[in-house]
Amino acid sequence: MTSPAETIVSSAANQQPTPSSPVPTQTDLTFSKDFLCLPIPRRLRYDPDKPFHFGMLLNVSFGIASTLVVANLYYCQPILIQLSASFHVTYDEVARIPTLVQAGFGIGLLFITPLGDMLRRRQLILLLVVFSTTLTIGLAITKNLVVFEIISFLIGLTTVTPQILMPLAADLAPPARRGSAISVVQSGFLLGILIARVLSGIVANFTSWRFVYCMSIGIQSIVLGGAYMLLPDYPVKNRDLSYLGMFRSMAKYIVTEPLVGQIMLTNWAASACYTNWWVTLTFLLGGPPYYYSTVIIGLFGLIGMLAVIIVPLFGRLLDRLVPWWSGMVSTVLLLAFQAVQTGAGGINIAAVVISCFGLDMFRQIQSISLSTLMFSISETARSRLNALTIISVFLGQVTGTSVGTDVFVRYGWRADSALFMAMFVFQLAVLFLRGPHCPRNRWFGYEGGLGFWKTLPSKQSQLNASDNTKSAGCDHLVVVSSEKGDAKGGAEELC
């Protein structure tokens, strides 16, 4: 006969732990066609038994795609004078165009980006690139300003592909490489903003402004072809989530997750500081004591580009660091470089160059750290969480542009720089509220210690194995005790 204790042990031994997966169980994970008609290359189809390898080549492809797509938002800024002459309107009228582009982009962030948690992202990205490419044709050929403005708004609305690529990169990358994967995509995004202004100005100076958009059509067509050939398919993560439920969940994250509020406040202030720097830099360098030409002022964009390109080289270090610490250190250094600008930015050009490089580089590192923290909250809501992150950045851009310009014009460069030094202090205060290992349900505190380095996956496996060994020893004690106490009526659990 089998004793009760043996029955218990046998039952426990037969129960195997179910492996966890970030992708919910679905019946139709594998698709062979996009839009029910376009074949997906076999190597890009999702296979739950053979996860897609997210190597450096694909990671860099994501970054390049972000660069080329986001540039479409900024081609219009250097060519406003040519647009004014071509449409026979005043500068005030064409000045509405960048505002409409950014307004469309902001609405797209809120209403389109979160769809990455509801739809297959390969199809969503292909569709958005098709729309933006088609709309750009309209910009290149229209002779009506109102039509140009409407199309510009719609292009802003559909040019949110980089914000869908970023959470996809976080999903595809191994946990040990998530920080470096995000850094490559985010660097591509910022590089696109800087390159677009330089490239558009140069092309329009030697040809027509319409050729700028013809060039954009060709570039986006290349992105579309590359996306079809390289972008892996990935299943829907929240099949039961409704569109309205998506917004309810985003609001719930804001009010119930302390880390979300902390990141959004920090990102808002950081974005305001960064935007203010680039907006007021033109005023500073174009006025006394420098009186630089627009060409020389434009070269400062190359300094920012160099800083952005360097950051991915530190990706592996960011993978090792706890994101809170990398965010805190980068914020302290941002404050230091802003102090250099406050002290000597209007006196010595060397201070401006140093500040330009440092503010670009460490703002990028800070942004990567905050994104990594945000993505750690939920594996199935990364598109929605990324949307919240970018919305806070967008609001910061509005704040930095309006407040920074007003303060600079009224009170001068030093008052403006000092004000945004205070904004960096505010960021430090927000980050100090919660420690690097504070439980996610706590609004304040330093529970969990101040550990600087992440636990390596191999070490974590050893810790888990140790815990399993202890658990097995505990089960053994249960069996022995149960056999000794069988005559008294069953098992006695000791652990």
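Cut-off values and rules
- Residues numbered from 1 in each chain as written.
- Predicted model: local features only at pLDDT ≥ 70, side-chain atom pairs only at ≥ 80, totals over all residues.
- Heavy atoms only, no water.
- Helix = DSSP H or I, 4+ residues; strand = E, 2+ residues; numbered from the N terminus.
- Buried < 20%, exposed > 50% of the residue type's maximum accessible area, 1.4 Å probe, protein only.
- Contact = heavy atoms within 4.5 Å.
- Areas by Shrake-Rupley, 256 points an atom, 1.4 Å probe, with all protein chains shown as cover.
- Core = buried A, V, L, I, M, F, W, Y, C linked by side-chain atoms within 4.5 Å.
- Axes fitted to C-alpha atoms, helices over the stretch in contact; angles between N-to-C directions.
- Parallel < 35°, antiparallel > 145°, perpendicular 65-115°, else oblique.
- Left-handed = near helix turned anticlockwise from the far one by under 90°.
- Nonpolar A, V, L, I, M, F, W, Y, C, P; charged D, E, K, R; others polar.
- Phe/Tyr/Trp six-rings, centres within 6.5 Å; stacked < 30°, edge-to-face > 60°.
- pLDDT = per-residue confidence, 0-100.
- Salt bridge = Lys/Arg side-chain N within 4 Å of Asp/Glu carboxyl O.
- Expected span 1.5 Å × (residues − 1).
- Arc of directions from axis to C-beta.

**Some points on the overall build of the chain**
Across its full length, the chain holds 19 helices and two strands. Residues counted as buried form 51% of the 495 residues belonging to the chain. Restricting the contact set of the chain to residue pairs at least 6 apart, pairs at least 24 apart contribute 80%. Element-wise, carbon and sulfur atoms account for 68% of the exposed surface of the chain, whose accessible area totals about 23,200 Å².

**A short note on the nonpolar core**
Ranked by internal contacts, the top residues of the largest apolar core, which has 122 residues, are Phe 62 and Tyr 213. For this core, the element with the most residues is helix α12 (residues 258–286), which contributes 13 residues. If sequence neighbours within four positions are ignored, Tyr 213 has contacts with Tyr 75, Cys 76, Ile 79, Thr 136, Leu 139, Ala 140 and Phe 148.

**Details of the packing of helix α9 (residues 178–206) against helix α10 (residues 209–230)**
The contact between α9 and α10 brings their axes to 7 Å, and the two run at 130°. Considered as vectors, α9 and α10 are oriented oblique to each other. As for the relative orientation of α9 and α10, their crossing is right-handed in sense. Residues Leu 199, Ser 200, Val 203 and Ala 204 of α9 lie in contact with α10, whose contacting residues are Trp 209, Phe 211, Val 212 and Met 215. Split by residue class, the contact of α9 with α10 holds seven nonpolar, one polar and no charged.

**Let's talk about the packing of aromatic side chains**
Across all of its chains, the model carries 17 aromatic pairs by this definition. Among the aromatic residues, those joined into a ring-pair cluster are Trp 324, Trp 325, Tyr 446, Phe 452 and Trp 453.

**Remarks on the confidence of the model for the chain**
The predicted model of the chain averages 83 in pLDDT, with 86% of residues at 70 or higher. Note that pLDDT drops below 50 for residues 1–28; the model gives that stretch 21 contacts with residues more than four away or on any other chain. For the stretch residues 474–495, pLDDT sits under 50, and the model shows 16 contacts to residues farther than four places along the chain or on other chains.

**A look at the pattern of salt bridges**
Throughout the structure, instances matching the rule amount to 11 salt bridges. Ionic pairing is found between Arg 122 and Asp 34, a salt bridge with its closest N-O pair at 2.7 Å. Residue Arg 122 is located in helix α6 (residues 121–141), and its partner Asp 34 is located in strand β1 (residues 33–34); the two are separated by 88 residues in the primary sequence. Note on Arg 122: relative accessible area 1%, which makes it buried. Its salt-bridge partner being Arg 440, residue Glu 257 comes within 2.3 Å of it at the nearest N-O pair. Taken together, the positions of Glu 257 in the loop between α11 (243–256) and α12 and Arg 440 in the loop between α18 (413–432) and α19 (457–484) put the pair 183 residues apart, joining distant regions of the chain. Each of Asp 34, Arg 120, Arg 122 and Asp 233 takes part in a single network of salt bridges with overlapping partners.

**Here's the deal with unusual backbone geometry**
Residue Pro 289 follows Pro 288 across a cis peptide bond; omega there is 5°. Tracing the backbone shows Pro 289 in the loop between α12 and α13 (294–310). The phi torsion at His 88 lies on the positive side, around 55°, for a residue other than glycine. Within the secondary structure layout, His 88 lies in the loop between α3 (80–87) and α4 (91–94).

**So, α18**
An ideal rise of 1.5 Å per residue puts 28 Å on 20 residues; α18 measures up with 29 Å between its terminal C-alpha atoms. For α18, the full list of buried residues reads Trp 413, Asp 416, Ser 417, Phe 420, Met 423, Phe 424, Gln 427, Leu 428, Val 430 and Leu 431. The buried side chains of α18 occupy one side of the element, clustering within an arc of 160° when seen end-on. At its buried positions, α18 is contacted by α12, α15 (323–344), α16 (349–375) and α17 (382–411).

**Some remarks on the packing of helix α2 (residues 56–70) against helix α8 (residues 161–172)**
Taken N-terminus to C-terminus, the directions of α2 and α8 make an angle of 170°; their axes are 9 Å apart at the nearest point. Between α2 and α8, the interaxial angle falls into the category roughly antiparallel. Along the contact surface, α2 presents Phe 62, Ala 65, Ser 66, Val 69 and Val 70, while α8 presents Thr 161, Pro 162, Leu 165, Leu 168, Ala 169 and Leu 172. Residues belonging to the contact of α2 with α8 are distributed by class as follows: nine nonpolar, two polar and no charged.

**Let's talk about α11**
Count 3.6 residues to each turn of an α-helix, and residues three or four apart come out pointing the same way. The terminal C-alpha atoms of α11 lie 20 Å apart, and with 14 residues this matches the ideal 20 Å at 1.5 Å per residue to within 8%. All of the buried residues in α11 are Gly 245, Met 246, Ser 249, Met 250 and Tyr 253. Buried residues in α11, looked at end-on, bunch into an arc of 145°, giving them a common side. What points out from α11, more than 90 degrees from its buried face, is the exposed set Leu 244, Arg 248, Lys 252 and Val 255. Lining the buried residues of α11 we find α5 (96–111), α12 and α17.

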